[in-house]
Amino acid sequence: MLNIAIDGPVGAGKSTIADEVSRRLGILHLDTGAMYRAVGLAVTDAGIDPQNEAAVAALCDDGGARVDVRYENGAQVTLVNGLDVTGRIRTQEAGTAASAVSRYPAVRHMLVARQRELAREQPMLVDGRDIGTVVLPDAPVKVYLTATPEARATRRLNQLREKGENPDFEAILAEVNARDHQDMTRAVDPLRQAADAVLVDSSNLSFEQTVQAILRLAEAVHV
Ligand code: DC
């Protein structure tokens with residue numbers, strides 16, 4: 001299957017870049033971070049502490065955090081236990097819960113299996129942390145999309161300012177570094193660049209330049 005794998009740290013612009021690249025290629029975009037966020041939400045909604053691995057694993061084993069994805073007009077809708085949580089997963093709290101529960105093998109096995117099924121059914125652009133290394137090791141196009149922590153924190157700062165907030169740069173940078181540390185040092189499937197992934201550093205690239213860089217890689221294998 002002609003899939004594209006994009007991995008990278010928080011704030012590298014993976015989701016928006018992946019949306020645009022997949023739209024131009026006419027393939028679906030699977031945002032796997034949304035699936036971890038959905039589990040994080042199911043966990044906190046159930047009153048479980050995301051740091052409590054045994055309780056999180058029990059919830060998953062009992063079918064209390066069933067995540068699914070469907071597409072409406074090409075856009076991903078993320079469901080947990082049959083409920084649409086596409087909007088609710090976009091908070092800082094859901095991101096933090098996702099980062100915590102994504103350390104647990106019970107959560108990863110459940111989601112990786114579903115991600116592989118989805119990517120087997122149709123050509124997809126799949127973004128996450130372990131796509132090129134674990135989920136789709138045979139993907140013909142693999143990208144590791146990154147930027148310096150400062151560049152990523154600056155983008156986040158600008159997004160929050162556009163929303164009318166007045167955030168503190170140092171606090172955002174500390175959050176970016178903390179999330180990198182958690183995602184890159186966890187024992188199971190940590191974030192890392194696959195040996196055969198192409199590094200795209202967007203620190204000094206515009207949105208369009210980044211999109212073009214990935215499209216060129218995809219076109220080279222005729223996705
Ligand atoms: O990309 P995001 O911020 O929506 O991801 C939320 C968390 O989910 C992230 O901190 C790490 C985890 N994640 C993961 O472990 N593996 C993936 N393939 C995608 C996300």
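The sections below set out a description of the structure shown in this document. Here the structure is a predicted model, which is why all the values come from computation and not from measurement.

### With respect to the sheet that holds strand E4 (residues 75-80)
The sheet built from three strands is open, its strands ordered E3-E4-E5 with antiparallel pairing. Two strands bound the open sheet, and with one partner strand each, they are strand E3 (67-72) and strand E5 (83-84). Here E3 pairs with E4 via six bridges, running antiparallel. Note that in E4 the partner of Arg-70 across the bridge is Val-77. Together, E3 and E4 form the strand contacts of helix H2 (residues 32-45), whose direction differs from that of E4 by roughly 25 degrees.

### Re the layout of surface pockets
Considered as a void within the structure, the second largest pocket measures approximately 170 Å³ in volume. Taken together, Met-1, Asn-3, Arg-116, Ala-119, Arg-120, Val-135, Leu-136, Pro-137, Asp-138 and Ala-139 make up the lining of the second largest pocket. With three residues, helix H5 (residues 105-121) is the largest single contributor of residues to the lining of the second largest pocket. Considered class by class, the residues forming the lining of the second largest pocket number six nonpolar, one polar and three charged.

### With respect to helix H9 (residues 207-220)
Here H9 contains 14 residues, and its C-alpha end-to-end distance of 20 Å stays within 8% of the 20 Å for a straight helix at 1.5 Å per residue. All of the buried residues in H9 are Thr-210, Val-211, Ala-213, Ile-214, Leu-215 and Ala-218. In this structure, the buried side of H9 is in contact with strand E1 (4-7), helix H1 (14-25), strand E7 (141-146) and strand E8 (198-201).

### Quick look at the site of the ligand
Close to the ligand lie 14 residues, the nearest being Arg-37, Arg-108, Asp-130, Arg-179 and Arg-186. Take Asp-130: an N or O atom from its side chain is 2.8 Å from a nitrogen atom of the ligand. In this structure, an oxygen atom belonging to the ligand sits 3.3 Å away from a side-chain N or O atom of Asp-183. Protein contact buries 96% of the 450 Å² of open area that the ligand shows by itself. Elements with a minimum of two residues in the shell around the ligand: H2, helix H4 (92-101) and helix H8 (169-185).

### Some details on the environment of Leu-83
Among the structural elements, Leu-83 can be located in strand E5. Between the C-alpha atoms of Leu-83 and Arg-66, which are 17 residues apart in sequence, the distance is 9.8 Å.

### As for the packing of helix H3 (residues 53-61) against H5
For the pair H3 and H5, interaxial distance at closest approach is 8 Å and the crossing angle is 30 degrees. Our classification of the angle between H3 and H5 gives roughly parallel. Touching Glu-53, Val-56, Ala-57 and Cys-60 of H3 are Pro-105, Ala-106, Val-107 and Met-110, all from H5. For the contact of H3 with H5, the residue count by class is seven nonpolar, no polar and one charged.

About the cut-offs
- Residues numbered from 1 in each chain as written.
- Predicted model: local features only at pLDDT ≥ 70, side-chain atom pairs only at ≥ 80, totals over all residues.
- Heavy atoms only, no water.
- Pairing = 2+ DSSP bridges.
- Helix = DSSP H or I, 4+ residues; strand = E, 2+ residues; numbered from the N terminus.
- Contact = heavy atoms within 4.5 Å.
- Axes fitted to C-alpha atoms, helices over the stretch in contact; angles between N-to-C directions.
- 1 Å grid on protein atoms, 1.4 Å probe; cavity = no way out; pocket = protein on both sides within 12 Å on 5 of 7 lines; lining within 4 Å.
- Points joined across faces, edges and corners; volume = space filled by probe spheres on them.
- Nonpolar A, V, L, I, M, F, W, Y, C, P; charged D, E, K, R; others polar.
- Expected span 1.5 Å × (residues − 1).
- Buried < 20%, exposed > 50% of the residue type's maximum accessible area, 1.4 Å probe, protein only.
- Near = heavy atom within 4 Å.
- Polar contact = N/O pair within 3.5 Å; in protein donor to acceptor, adjacent residues only side chain to side chain.
- Areas by Shrake-Rupley, 256 points an atom, 1.4 Å probe, with all protein chains shown as cover.
- Parallel < 35°, antiparallel > 145°, perpendicular 65-115°, else oblique.

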